[in-house]
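# Reading the structure
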Amino acid sequence: MKPLIVANWKMNPISRKQAEHLFESIRKEICGIQNIEVILCPPFIYLDFISKKTSKDIKLGGQNIFWDRQGPYTGEISPQMLKDIGCDYVILGHSERRKNFKETDEIINKKIKAVLKSRLKIILCVGEESRNSFNKDGRWTGEVDLVLREQVLRCLEDIDESQMANIIIAYEPVWAISTTENSCVAVPDDALSASLLIRKTMHQKYNEKIARSLRILYGGSVDSKNVIDFMKEDGIDGVLVGGAGINSSEFTRLVKAVSGQYLSAEQKTVISRF
Ligand code: 13P
């Protein structure tokens, strides 16, 4: 499976002109990169024109959806609408939605079930709010395990094994997100411990095959300098970036760093001839 790089643009940039510029600069730079999967998740309002200009190297995703396909839900967007406009993915359960819009695991579970009927793939975000669950020696105390386990199990309630091929889990500790007040940078070990815990939970809920094949991303202050450290970890299949995704030169540096890392020896030799 190719490593995944997902850029969550959140509520950025402020104008269509800037969004066009951001998209075009990214597309120009990363066009032709095939050994990784790049997914851009712009605000809904920019999806239409971006989907008309995107190439097969860049996939699109939404940042949220409602749990019904159509009807009297003022201000909402359905999974079928996202699919229709050209999206392949949708982010669900981001901590900013959990916090600002009181999205609970039960609501996220309802959304997951709705998305699974639409052939979109889900990027399900989970992550603890505070790092206090580490004791003063920096060791994981177990409290985080409980929070993560519960989030995963509640969000995936009644989701059966066959549907798991359409779900990716992104571990995003809230304390490591660049815009969190007093945020602190996570170390690759934090991401690895969380990924092991998520895989263990999947093993208990489903089986070993699901635990091994589940794609797990890490998100939280990832940039072009630290991305390889996170991606070097065995259980981490990609990254979900915020700030680095809305800066075209930083994002293309990040994509190229990962792409270079994953080139086969044969590809590297071909490139070094130029
Ligand atoms: P940053 O990369 O800015 O920390 O944001 C992470 C995030 O929330 C992506 O969804």
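Structure first, text after, so check above.
Not measured: the values here are computed from a predicted model.

Before going further, it helps to spend a moment on the overall build of the protein. What the protein contains, in helices and strands, is 11 helices and eight strands. In terms of C-alpha radius of gyration, the protein reaches 18 Å, essentially the compact-globule figure of 19 Å for 274 residues. Dimensions of the protein, computed from the C-alpha atoms along their principal axes, are close to 50 × 50 × 40 Å. Relative to its full complement of 274 residues, the protein shows a buried share of 50%. Summarising the internal contacts of the protein: among those between residues at least 6 apart in sequence, 70% fall at separations of at least 24. When the accessible surface of the protein is summed, it comes to about 14000 Å², and 51% of that surface belongs to carbon and sulfur atoms.

The subject of this paragraph is the site of the ligand. All residues in the neighbourhood of the ligand are listed as Asn8, Lys10, His94, Glu172, Ile177, Ser178, Gly220, Ser221, Leu240, Val241, Gly242 and Gly243. Asparagine 8 is positioned with one of its side-chain polar atoms (N or O) 3.1 Å from an oxygen atom of the ligand. In the model, an oxygen atom of the ligand is placed 2.9 Å from a nitrogen or oxygen of the glutamate 172 side chain. Relative to its free-state accessible area of 310 Å², the ligand is covered by the protein chains to the extent of 98%.

Here we come to the packing of helix 6 (residues 143-155) against helix 7 (residues 188-205). Helix-helix packing is characterised by the crossing angle of the two axes and by the distance between the axes. Where helix 6 meets helix 7, the axes come as close as 10 Å, and the angle between the chain directions of the two elements is 45 degrees. It follows from the interaxial angle that helix 6 and helix 7 lie oblique. Where helix 6 crosses over helix 7, the two elements pack in a sense that is right-handed. Every residue of helix 7 that contacts helix 6 at Asp145, Leu148, Arg149, Val152 and Leu153 is listed here: Ala194, Leu197, Ile198, Thr201, Met202, Gln204 and Lys205. When its residues are assigned to classes, the contact of helix 6 with helix 7 shows seven nonpolar, two polar and three charged.

Here we take up the pattern of salt bridges. Across all of its chains, the model carries 18 salt bridges by this definition. Of the charged contacts, one joins arginine 98 and aspartate 105 as a salt bridge, the two residues approaching to 2.5 Å between their closest N and O atoms. The salt bridge partner of arginine 253 is glutamate 250, with a shortest N-O separation of 2.9 Å. Here the residue arginine 253 and the residue glutamate 250 both occupy positions in helix 10 (residues 248-261), the gap between them amounting to three residues, near one helical turn. Three or more residues joined by partner-sharing salt bridges are found here, namely Arg98, Asp105, Glu150 and Arg154.

Cut-offs applied
- Residues numbered from 1 in each chain as written.
- Predicted model: local features only at pLDDT ≥ 70, side-chain atom pairs only at ≥ 80, totals over all residues.
- Heavy atoms only, no water.
- Helix = DSSP H or I, 4+ residues; strand = E, 2+ residues; numbered from the N terminus.
- Rg over C-alpha atoms; globule rule 2.2 N^0.38 Å.
- Buried < 20%, exposed > 50% of the residue type's maximum accessible area, 1.4 Å probe, protein only.
- Contact = heavy atoms within 4.5 Å.
- Areas by Shrake-Rupley, 256 points an atom, 1.4 Å probe, with all protein chains shown as cover.
- Near = heavy atom within 4 Å.
- Polar contact = N/O pair within 3.5 Å; in protein donor to acceptor, adjacent residues only side chain to side chain.
- Axes fitted to C-alpha atoms, helices over the stretch in contact; angles between N-to-C directions.
- Parallel < 35°, antiparallel > 145°, perpendicular 65-115°, else oblique.
- Left-handed = near helix turned anticlockwise from the far one by under 90°.
- Nonpolar A, V, L, I, M, F, W, Y, C, P; charged D, E, K, R; others polar.
- Salt bridge = Lys/Arg side-chain N within 4 Å of Asp/Glu carboxyl O.

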